[in-house]
Amino acid sequence: MDDSSAHSTHEEPPASQMMLVAGPCSAESRQQVVGIAQGLRSLGVTHYRAALWKPRTRPGSFEGVGVEGLAWLQEVQASTGLKVGTEVCLPEQVEAVRAAGLDFVWIGARTVSNPFMVEAIAEQLEGATQTVLVKNPISPDAPLWMGAIERIKSRGVAEVMAILRGCTPVYTKQMRNNPHWEMIAELRALYQKRYGTEVQLPLLLDPSHIAGRADLLEAVCRTGMLYPIDGFMIECHCDPEHAWTDARQQIKPSELHQLLKALQHPSSDHEAMLRPMRYQLHDLDSAIVELLAERHKLTQTIGRYKQANHLEPYQEEQRALVEAHYTEQAAQYGLDPDWAKQIYALIHTYSLEEQRAVSSEDVTKNKN
Ligand code: PEP
Ligand code: MN
């Protein structure tokens, strides 16, 4: 990649210096592993990935080819000069990878979420020359991510990097994971606090696991490039449709070539580039309406209770309490407290009207 990511608003390394990790989600066969590597070798890819062990959500799914695939990665290493790596989920996998002389490993989001397992893996990585890439945990918990990085670094591992792959979404449904861009700054701040400003933590973006679908990759990459990132990890497969895992999000080497070329210039298709963000916004707006509807139902019940017990719908003390809660919480999240107060005023007025309506309805009903 060369440097023409001029649309970025942040200082970032020229794209030519960006690290590019690419390869299939899972290693499936020797032919598949070697074939994809051949397709990627001339594209500016520096690191070749293929998972040999797959932590799956449900039992009975394909859990990886295991140690058998180490030889396939060694073959890629020898024949292409690419640095090769795989995911490690257990200490014995680290042992096998080190013995096989692979160049890097990554620790997946599920594993990073488990500090005892990270510690066990870190122990096995003592003094490793392999680069270790640490994905963010499945929840937006920057200290947990940082904790995993610290555990690995404390074992004298030569090089440690972070990968943002997004977090399990609560409200957003269109993309596989919520990017949680804010975690980049949170992690960097924690890292600087712990290791000082001299040492920079390289951070890669994994748009494949964020988007979960190939058509949104470019947009996610471009949004990511608005932040200080040092490279990408992108899943590629020669036959994405028939990939054994993550079929929807993988792209062919030729498509990666197109993507990398596209990223060298600003896009004029702003609609397409804004699409994932609009999806997220749409889902969040739906969630707000759903929450308001739930709140509305609850205030109706409260209205009934107050009516049955001859209580006034308006209770000043309660209103003041909730308003204080709104403004304090808004401030904690960096929102304007006055704006939060106005929103609460609207919500509260509506709730009062509803409670009064419920009361008069019940009074009318009782009279009839
Ligand atoms: C992967 O990289 O294929 C993978 C399973 O990643 P994650 O841990 O981010 O889900
Ligand atoms: Mn995958």
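In this text, all values refer to a predicted model and were calculated from it rather than measured experimentally.

A.B. asks: Just to check I follow, could you spell out the packing of helix 9 (residues 217-224) against helix 10 (residues 253-263) for this structure?
C.D. replies: Packed helix pairs are characterised by how far apart their axes lie and by the angle those axes make with each other. The interhelical angle for the contact between helix 9 and helix 10, taken along N-to-C directions, is 40°, at an axis separation of 11 Å. You can see that helix 9 and helix 10 cross each other, and the crossing is right-handed. Residues Glu-218, Cys-221 and Arg-222 of helix 9 pack against Leu-259, Ala-262 and Leu-263 of helix 10. Classifying every residue of the contact of helix 9 with helix 10 by side-chain character gives four nonpolar, no polar and two charged.

A.B. asks: I would appreciate a short explanation of helix 3 (residues 91-100) in the present structure.
C.D. replies: Within an α-helix, residues lying three or four positions from one another point in the same direction, as the helix has 3.6 residues per turn. Buried within helix 3 are the following residues: Pro-91, Gln-93, Val-94, Ala-96, Val-97 and Ala-100. The secondary structure elements touched by the buried residues of helix 3 are helix 2 (70-80), strand 3 (83-87), strand 4 (104-107) and helix 5 (115-124). Gly-101 sits one or two positions beyond helix 3 and adopts a positive phi of about 75°.

A.B. asks: How should I be thinking about the packing of aromatic side chains in this particular structure?
C.D. replies: In this description, a pair of aromatic rings is defined by centroid distance and the angle of the planes. A full pass over the atoms with the stated rule returns four aromatic pairs. Here Tyr-191 and Tyr-195 contribute two aromatic rings whose centre-to-centre distance is 4.8 Å and whose plane-to-plane angle is 50°, an arrangement assigned as tilted. Here Tyr-195 and Tyr-191 lie together in helix 7 (residues 182-195), a separation of four residues that amounts to about one turn. Measuring from ring centre to ring centre gives 4.8 Å for Tyr-326 and Tyr-344, while their planes differ by 35°; the resulting arrangement is tilted. With Tyr-326 in helix 12 (residues 316-332) and Tyr-344 in helix 13 (residues 337-367), this residue pair connects regions lying 18 residues apart in the sequence. The exposure class of Tyr-326 is partly exposed, given its relative accessible area of 24%. Sitting above the plane of the Tyr-195 ring, Lys-153 keeps its charged end 4.8 Å from the centroid.

A.B. asks: Looking at this structure, how should I read the pattern of salt bridges?
C.D. replies: Pairing of side chains with opposite charge becomes possible as their charged atoms draw close. Applying the stated criterion across every chain yields a total of 13 salt bridges. For Lys-135, the salt bridge identified is with Asp-206, shortest N-O distance 2.7 Å. Of the two residues, Lys-135 sits in strand 5 (residues 131-135) while Asp-206 sits in the loop between strand 7 (203-205) and helix 8 (207-211), which places them 71 residues apart along the sequence. Assigned by exposure class, Lys-135 and Asp-206 land together as buried. The closest approach of N and O atoms between Glu-218 and Arg-222, which form a salt bridge, is 3.0 Å. In this pair, Glu-218 and Arg-222 are both assigned in helix 9, four residues apart and thus about one turn of the helix distant.

A.B. asks: Quick question: what am I supposed to make of the environment of Cys-236 here?
C.D. replies: One can find Cys-236 in the loop between strand 8 (231-235) and helix 10. For the pair Cys-236 and Gly-39, spaced 197 residues apart in sequence, the C-alpha separation works out to 9.5 Å.

A.B. asks: Help me understand the site of ligand 1 in this model?
C.D. replies: Cys-25, Arg-49, Lys-54, Glu-87, Trp-106, Gly-108, Ala-109, Arg-110, Lys-135, Arg-165, His-209 and Glu-235 make up every residue found near ligand 1. Contacts to ligand 1 include Ala-109, whose backbone N or O atom sits 2.8 Å from an oxygen atom. Arg-110 is positioned with one of its side-chain polar atoms (N or O) 3.0 Å from an oxygen atom of ligand 1. Compared with its free state, where it exposes 290 Å², ligand 1 has 97% of that area covered by protein. Its residues placed into classes, the shell around ligand 1 shows three nonpolar, two polar and seven charged.

A.B. asks: Sorry, what's going on with the sheet that holds strand 3 here?
C.D. replies: The strands making up a sheet are joined through hydrogen bonds of the backbone, oriented either antiparallel or parallel. Pairing is parallel around the closed barrel formed by eight strands, whose spatial order is 1-2-3-4-5-6-7-8. Strand after strand, the sheet turns through a mean of 25° between neighbouring axes, direction not considered. Across the sheet, helix 1 (residues 30-40) touches strand 1 (19-23) and strand 2 (47-49), and the angle it forms with strand 2 is around 150°.

A.B. asks: I'm lost on unusual backbone geometry in this one. Help?
C.D. replies: Working note: non-glycine residues mostly have negative phi, and peptide bonds are mostly trans. The backbone of His-180 sits at a positive phi, close to 50°, despite the residue not being glycine. Tracing the backbone through its elements, the reader meets His-180 in the loop between strand 6 (159-164) and helix 7. One non-glycine residue, His-310, lies in positive phi territory at about 55°. In this structure, His-310 sits in the loop between helix 11 (270-308) and helix 12.

What counts as what
Residues numbered from 1 in each chain as written. Chains lettered and ligands numbered in written order. Predicted model: local features only at pLDDT ≥ 70, side-chain atom pairs only at ≥ 80, totals over all residues. Heavy atoms only, no water. Axes fitted to C-alpha atoms, helices over the stretch in contact; angles between N-to-C directions. Helix = DSSP H or I, 4+ residues; strand = E, 2+ residues; numbered from the N terminus. Left-handed = near helix turned anticlockwise from the far one by under 90°. Contact = heavy atoms within 4.5 Å. Nonpolar A, V, L, I, M, F, W, Y, C, P; charged D, E, K, R; others polar. Buried < 20%, exposed > 50% of the residue type's maximum accessible area, 1.4 Å probe, protein only. Phe/Tyr/Trp six-rings, centres within 6.5 Å; stacked < 30°, edge-to-face > 60°. Lys NZ or Arg CZ within 6 Å of the ring centre and 35° of its normal. Salt bridge = Lys/Arg side-chain N within 4 Å of Asp/Glu carboxyl O. Near = heavy atom within 4 Å. Polar contact = N/O pair within 3.5 Å; in protein donor to acceptor, adjacent residues only side chain to side chain. Areas by Shrake-Rupley, 256 points an atom, 1.4 Å probe, with all protein chains shown as cover. Pairing = 2+ DSSP bridges.

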